[in-house]
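Coordinate inspection notes
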Amino acid sequence: AARYSGLHRHVGGEGRTRWVDLHAVSVSHRGAPAVLVHVLDLTAEREVHEALSFARSHDPLTSLPNRRALLHRLDGWFARREPGESGVLLVFDLDGFRRINQAWSTAGADQVLKGVAGRLRQACRPGDLLARTGMDEFALFMPQLGDATAASDRAEALRIQVSAPFNLGDEAVG
C-alpha cells in the first residue's frame, strides 16, 4: 500500500498560518481502491513552540536578541568566516542608568531601555546583530566592517545617537 506522511504549512485566505500533520495510505474499501487520510492540526502546539523558542533567545522588554543568541551567532560566524575576514563587536552600557532607575522607577527605566533599543535598531545595517546582554548593556556585532577606524567612527556615531535625551513625563532625561 502506498503511504504518505508529512508536516504541512497552510496560509489561509485571512492570512492565518495553520500547521497540519497529514498521513495518507491507499486502502481497499469493499473491493474498490480508496485513500484513508488522517489530518491533525498542530497549529497551537507550533505557536507555543515558536513562542518558547523566541523567549529563550530574546529579551522580553526590548525584543532584541539576548546574550545567548549573540553567543550562538558569534560561534557560527567564527566557524564559517574566511581567512582574513573581520568583524567588530561593540559592547556598551548606559552611563547614569542607575540614577534613572532610582529617580523614575522601573517603568521609567524600561521606557529608556526601549528607546535606546529603538535608536540602536535604526542604526543597524543588514547583517548586523544588536543584542541586549544585561540590565543596561547592549552589544552590536558588525561583520565585515572595514578596519579599526571604521569601527571607531561607527561607535562614536552610535554614542551620539543614544546620548540624545529621552522624555520621561515632562522631563528630558539622558
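The notes below deal with the structure included here. The structure presented is a predicted model; accordingly, all values stated were derived computationally and were not measured.

1. Here we look at the nonpolar core
Val88, Leu94, Val112, Val116, Leu120, Phe138 and Met142 are the most contacted members of the largest nonpolar core, which totals 23 residues. Secondary structure elements with two or more residues in this core: strand S4 (87-93), helix H3 (97-123), strand S6 (137-143), helix H4 (148-163) and strand S7 (166-168). It is H3 that contributes the most residues to this core, eight residues altogether. Beyond its immediate stretch of four places on either side in the chain, Val116 contacts Leu94, Phe138, Val162 and Phe166. If you look at the next biggest cluster of nonpolar residues, it comprises seven residues, including Trp77, Leu129, Ala139 and Phe141.

2. Things to note about the sheet that holds strand S1 (residues 3-11)
Ordered by their spatial adjacency, three strands build an open sheet running S1-S2-S3, and the pairing between neighbours is antiparallel. Looking at which strands have only one partner, the edges of the open sheet turn out to be S1 and strand S3 (32-41). Shown here is a sheet whose adjacent strand axes are inclined to one another by a mean of 25 degrees, direction ignored. Bridging between S1 and strand S2 (residues 17-29) involves nine bridges; their strand directions are antiparallel. Across the sheet, Leu7 pairs through a bridge with Asp21, a residue of S2.

Analysis parameters
Residues numbered from 1 in each chain as written. Predicted model: local features only at pLDDT ≥ 70, side-chain atom pairs only at ≥ 80, totals over all residues. Heavy atoms only, no water. Core = buried A, V, L, I, M, F, W, Y, C linked by side-chain atoms within 4.5 Å. Buried < 20%, exposed > 50% of the residue type's maximum accessible area, 1.4 Å probe, protein only. Helix = DSSP H or I, 4+ residues; strand = E, 2+ residues; numbered from the N terminus. Contact = heavy atoms within 4.5 Å. Pairing = 2+ DSSP bridges. Axes fitted to C-alpha atoms, helices over the stretch in contact; angles between N-to-C directions.

This is a description of form; function is not addressed.
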